[in-house]
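Summary of the model geometry
Each chain is listed here by its residues.
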Amino acid sequence: MGSIVIDDIVPTSFEVLDDARPNDTSLPAFMVSKTRGFLPRANPVVELPEAFAALESILTRMPVKRLDGTPGLLAEGKLGDAILVSKELPDLTDAIDTVRHDLPMLNALYRDYSFLASAFLLEPCHMRFIRGEEYGLGRDVLPACIARPIARCARLCGFKPFMEYAGSYALFNYRLQDPKAGLTYDNLRLIRAFEHGLDPTSSEAGFVLVHVDMVRNSGPLVAGTCACLDTAEASKDGGKGADRELFNAGLTQVLTSLQRINAVMETMWGKSRPEQYTSFRTFIFGITSQSMFPDGVAYEGVDENGVELDADAPASTTRLSFRGESGANDSMIPLMDNFLEIPMPDTPLTQILKDFRQYRPSNHRQFLAYVRAKSAALHLKDFALQGSTQTADATAVSNQSIQLWLQVLNQVRDFRWRHWCFGKEYILKRTAHPTATGGSPIVTWLPNQLQAVLREMQAIYTHATATEGRKLGAEVDDMMDMVVRQSATLAKEVARYCEERGV
Ligand code: HEM
């Protein structure tokens, strides 16, 4: 079964945009900038060209609850008939060529076809779920009128032909209710939804929009990361850029932006109710490692490389498999993993973490690969933690680097700990389904990375405080006490869930 492997070359340099150039439609929708971080360069395109009126019509009528509050096609399981029986959607693949130079518009088409593809494939599972039954099997043939156009848009935009977190579900799926009021949470609305998400007070809207609200704060995270790398680079040859205070200023910027991002993450509890999550979640499952698609999905009219065949070519039976949409494909925490050189254990679970790299916009992928390579080449962690006892000033400023490094790690821990709490409250308490939407095992995967961070913090702290009686202050000491306690709690919780679920 194919899944279209993307083989990236690690770039030796990378241009992070200072100005996101929102009006330049010749550039991909997603490019990392110091202003908008990992959000698209401009707010997502909402309106499709006239040639796609049939697609727009189906998507407008599709959600369980439509914008006007009336039940849509998915409320009664009628989407399949609209595609297969009434044949409402012509194959519009050729119309895509009319907008091929407008990359954000192509991205909008990719988003919209991916919503339709997921709804079509998972509709039978949703209908069983609302009757209180198991998911059973999804549809395992994607008709050419969806498969060919999604394949073409995905290829032209650099995505896989299946719903992704950034390119469609979350980061390219918001609009501003009042364009003048800007990017504030209350002014955000979803463009597309499966269930009740067009209602901004719904749990589906809250789930997606809290992600957007967090990523909205990622510009300073990117800027701080770049500042640290630049300072370490300048200090490499002992140049006058060897300025530890500047390095610490970069780390402080990283720290404050992570604190802000984590504070927004905490709003999830109120914006999206844990007991309502599993119902809209049905539509965001992937194909890989999911019981609903034991043999993948046949993409009609598409070859094993994800390329559309001619419309009159003999029917293709190519079966493809992709991971589902997941916040695991967000770029903020992976940026920190790479920047901080957090060692992950050599386990099959970590292999899944690496596999997730394939499901990001190509410019995000390249940036993350660049930061990973750059941090390693500069021995950034050693640089941050090397310490100094030459003078009192040098000691103070180098201790500050160690404190900041640990505090930044602590924010990554904080994110992953809250995230584990989400996993328990929104998922483990409510469903026995063993895999998450991205196809990772639900009990063990999040703890794999969380434990890695907890271990790394303890290793750094132990080493730093064992050296020449270095003191890192009461705040860091308290933080580390909590790390030790949390590590023990996590191990117990995972052991209990494994036993209960026979993992
Ligand atoms: C109710 C809220 C949430 C739930 C239930 C949830 C659930 C999950 C699950 C089950 C995974 C495992 C990967 C997979 O899908 O196979 C995951 C991974 C991940 N999610 Fe979420 N998520 C939530 C909110 C968020 C938010 C708001 C973000 C912000 C960007 C986020 C970012 C991530 C990241 C970065 C990972 C990878 C974790 C790691 O590397 O350790 N998630 N999520």
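So, how was this worked out
- Residues numbered from 1 in each chain as written.
- Predicted model: local features only at pLDDT ≥ 70, side-chain atom pairs only at ≥ 80, totals over all residues.
- Heavy atoms only, no water.
- Helix = DSSP H or I, 4+ residues; strand = E, 2+ residues; numbered from the N terminus.
- Buried < 20%, exposed > 50% of the residue type's maximum accessible area, 1.4 Å probe, protein only.
- Contact = heavy atoms within 4.5 Å.
- Near = heavy atom within 4 Å.
- Polar contact = N/O pair within 3.5 Å; in protein donor to acceptor, adjacent residues only side chain to side chain.
- Nonpolar A, V, L, I, M, F, W, Y, C, P; charged D, E, K, R; others polar.
- Domains from an automatic or database assignment.
- Core = buried A, V, L, I, M, F, W, Y, C linked by side-chain atoms within 4.5 Å.
- UniProt positions renumbered as here; feature names shortened; annotations may be inferred.
- Pairing = 2+ DSSP bridges.

Let's talk about the side chain of Arg 413
Tracing the backbone through its elements, the reader meets Arg 413 in helix α15 (residues 392-428). Accessibility expressed as a relative area gives 5% for Arg 413, which makes it buried. Residue contacts for Arg 413: discarding those within four places in its chain leaves Leu 450, Val 453, Leu 454, Met 457, Met 482, Val 483 and Gln 486.

Quick notes on the site of the ligand
Near the ligand you find 27 residues, and of these Ser 326, Arg 416, His 419, Ser 440 and Gln 449 are the closest. Within the backbone of Gly 438, one N or O atom sits 3.0 Å away from an oxygen atom of the ligand. Listed by contribution, the elements that provide at least two residues to the shell around the ligand are α6 (203-215), α12 (348-356), α15 and α16 (445-466). With six residues, α15 is the single largest residue contributor to the shell around the ligand. For the shell around the ligand, a count of residues per class yields 16 nonpolar, nine polar and two charged. Residue-level mapping places the shell around the ligand at the junction of two domains, with at least three residues from each of domain 1 (50-213 + 274-326) and domain 2 (328-501).

Remarks on the nonpolar core
In a soluble, globular protein the nonpolar side chains are often hidden away together inside. Counting residues in each nonpolar core, the largest one holds 155 residues, and the members touching the most others are Tyr 299 and Trp 405. Mapped onto the domain boundaries, this core takes at least three residues apiece from domain 1 (50-213 + 274-326) and domain 2 (328-501). Not counting residues up to four positions away in its chain, the partners in contact with Trp 405 are Phe 247, Leu 251, Phe 339, Leu 340, Leu 380, Lys 381, Ala 384, Leu 385 and Ile 460. By size, the runner-up hydrophobic cluster in this structure holds five residues, among which are Ile 352, Leu 353, Phe 356 and Trp 445.

Remarks on the environment of Arg 148
By secondary structure assignment, the location of Arg 148 is in helix α4 (residues 144-157). Put simply, Arg 148 and Tyr 299 are 151 residues apart on the chain and 7.9 Å apart in space, counted from C-alpha to C-alpha. For Arg 148, the contacting residues outside a window of four places in its chain are Asp 91, Thr 93, Glu 300, Gly 301, Val 302, Glu 308, Leu 309, Asp 310 and Ala 311. Within the local environment of Arg 148, its side chain forms a polar contact with the backbone oxygen of Leu 309, the two atoms lying 3.0 Å apart.

Some words on the UniProt feature "binding site: heme b" (unreviewed entry) in the protein
The sites that UniProt annotates as "binding site: heme b" (unreviewed entry) are His 419. Position of His 419 among the secondary structure elements: in helix α15. Given the relative accessible area of 28%, His 419 is considered partly exposed. Those residues within four positions of His 419 in sequence are excluded, and the remaining contacts are Met 265 and Leu 446.

Observations regarding the sheet that holds strand β5 (residues 319-320)
Through backbone hydrogen bonds, the strands of a sheet pair up, either in parallel or in antiparallel fashion. Taken together, the three strands give an open sheet; going across it, the order is β1-β4-β5, and neighbouring strands pair in mixed fashion. Where the open sheet ends on each side, the last strands, each with one partner, are β1 (141-142) and β5. By the bridge criterion, two bridges tie β1 to strand β4 (residues 297-299) in an arrangement that is parallel. Looking at the pairing, Leu 142 lines up with Tyr 299 of β4.

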